[in-house]
Amino acid sequence: MPELPEVEVVRRGIDAHVSGRVFAEIQVHHPRAIRRHVPGPVDFAARLAGRRVVAAWRRGKYLWAELDGGEALLTHLGMSGQFLVRPDGTPDEKHLRVRFRFADGGPELRFVDQRTFGGCLVTDLVEVDGARLPLPIAHIARDPMDPAFDVGAVVRALRRRRTEVKRALLDQSLISGVGNIYADEALWRAKLHWARPTERLAAARVADLIGAATEVMTEALGAGGTSFDALYVNVNGESGYFDRSLAVYGQEGLPCFRCGSPIRREPFMNRSSYSCPRCQRRPVR
DNA sequence: CCTAACTCCTGCATGC
DNA sequence: TGCATGCAGGAGTTAG
């Protein structure tokens with residue numbers, strides 16, 4: 001499940017292998033992959049052909065290739081999206097959705113996505129609060145790796161919410177880049193139960209939580225990301241190894257690293273939350 | 001305006 | 001073996 005660290009690994013790969021190159025033929029193999037590009041696949045391909053990639057950027061879980069002339073190829077990996085750099089003639093992946101060829105005839109870029117939650121679109125860049133962003137993600141908050149990330153402002157915004165703390169942590173308009181895995185890891189590090197009401201959390205506890213999220217995602221990036229299977233890989237098809245360092249996510253029944261209590265799994269928003277029953281006490285009501 | 005539920009999708013694990 | 005069911009879940013959309 002690509003979250004900030006995994007998307008950053010992909011961004012670096014695209015920056016290294018695609019920046020400076022000129023798009024040629026683009027093939028859309030599955031229309032759902034560009035469903036957010038409203039004008040459709042023909043327009044999508046036409047807007048990219050002949051355009052040079054200036055650089056690859058990221059905010060939260062979104063990444064985009066800035067094109068010469070001012071537009072951007074914006075993408076989100078969803079649950080299972082991958083960008084792979086492959087020499088021409090490499091057999092197509094089963095879930096190949098979009099093929100990007102280049103004018104230099106070098107290795108092509110492929111968007112592969114099993115569960116089709118991810119996608120691509122071409123869009124304008126706009127100025128938002130001192131940052132240059134693709135228009136559809138103007139509402140996405142800065143992530144903790146952003147030099148202009150303001151911890152104090154995020155703490156205040158989060159405490160204004162009237163909801164459970166994990167819901168707020170997953171809200172990409174408050175703080176971006178955190179998904180289910182790193183949310184659970186950050187809550188464990190901060191010793192907070194996911195259902196704690198935000199309005200009853202002291203500012204210092206919230207700051208601890210943001211710090212824990214930043215810390216765990218930084219460590220995961222250093223490990224090349226988290227991967228449970230072949231679904232998340234870098235542009236060369238290689239997996240990260242942070243899954244070995246996970247304290248709670250997917251660890252149901254295994255002993256807590258801190259206290260030895262068996263990690264529990266609870267239903268949360270039609271998915272799961274993992275936590276330590278002793279280190280992370282459930283709120284009384 | 002704010003919050004929560006719903007929805008999209010495929011493959012794998014599980015149980016009968 | 002085959003079929004049904006549950007689960008994985010990001011984020012836009014819709015409902016209240």
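Given the structure is predicted, the values throughout are model-derived calculations rather than measurements. (Residues numbered from 1 in each chain as written. Chains lettered and ligands numbered in written order. Predicted model: local features only at pLDDT ≥ 70, side-chain atom pairs only at ≥ 80, totals over all residues. Heavy atoms only, no water.)

Chemist: Quick question: what am I supposed to make of the pattern of salt bridges here?
Modeler: Between side chains of opposite charge, a pair can form as their charged atoms come close. Within the structure shown, the criterion is met by 28 salt bridges. Note that E108 is salt-bridged to R110, the shortest N-O span being 2.7 Å. Here the two residues E108 and R110 agree in accessibility, since each one is buried. Of the charged contacts, one joins E164 and R167 as a salt bridge, the two residues approaching to 3.4 Å between their closest N and O atoms. Its relative accessible area of 39% is what places R167 among the partly exposed residues. (Salt bridge = Lys/Arg side-chain N within 4 Å of Asp/Glu carboxyl O. Buried < 20%, exposed > 50% of the residue type's maximum accessible area, 1.4 Å probe, protein only.)

Chemist: I tried to follow the protein's contact with DNA strand C on my own but got confused; where do I start?
Modeler: By nearness alone, 15 residues border DNA strand C, and Y62, H76, M79, Y249 and S272 come closest of all. The sugar-phosphate backbone supplies 66% of the atoms of DNA strand C found within 4 Å of the protein. Contact between DNA strand C and N180: a phosphate oxygen at 3.4 Å from a side-chain N or O atom of the residue. Its residues placed into classes, the surface near DNA strand C shows 5 nonpolar, 5 polar and 5 charged. (Near = heavy atom within 4 Å. Polar contact = N/O pair within 3.5 Å; in protein donor to acceptor, adjacent residues only side chain to side chain. Nonpolar A, V, L, I, M, F, W, Y, C, P; charged D, E, K, R; others polar.)

Chemist: Help me out: how do you make sense of the domain arrangement of chain A in this one?
Modeler: Many authors give the size of an interface as the accessible area that is lost as the parts come together. Under the domain assignment used here, chain A contains domain 1 (4-137) and domain 2 (151-275). Between domain 1 and domain 2, the C-alpha centre-to-centre distance is 27 Å. Of the roughly 1600 Å² buried between domain 1 and domain 2 on both sides combined, carbon and sulfur atoms contribute 65%. Counting the surface domain 1 buries against domain 2, the share from its top three residues, P5, E6 and V9, is 31%. Here domain 1 is connected to domain 2 by 0 salt bridges. Where domain 1 packs against domain 2, one counts 4 residue pairs in polar contact (both at pLDDT 80 or more). The set of elements that each furnish at least two residues to the side of domain 1 that touches domain 2 consists of helix 1 (4-18) and strand 5 (81-86). Among the elements that make up the side of domain 1 that touches domain 2, the one with the highest residue count is helix 1 (10 residues). Looking at the side of domain 1 that touches domain 2 residue by residue, the classes come out as 8 nonpolar, 7 polar and 7 charged. (Domains from an automatic or database assignment. Buried area = accessible area lost by both parts, 1.4 Å probe. Helix = DSSP H or I, 4+ residues; strand = E, 2+ residues; numbered from the N terminus.)

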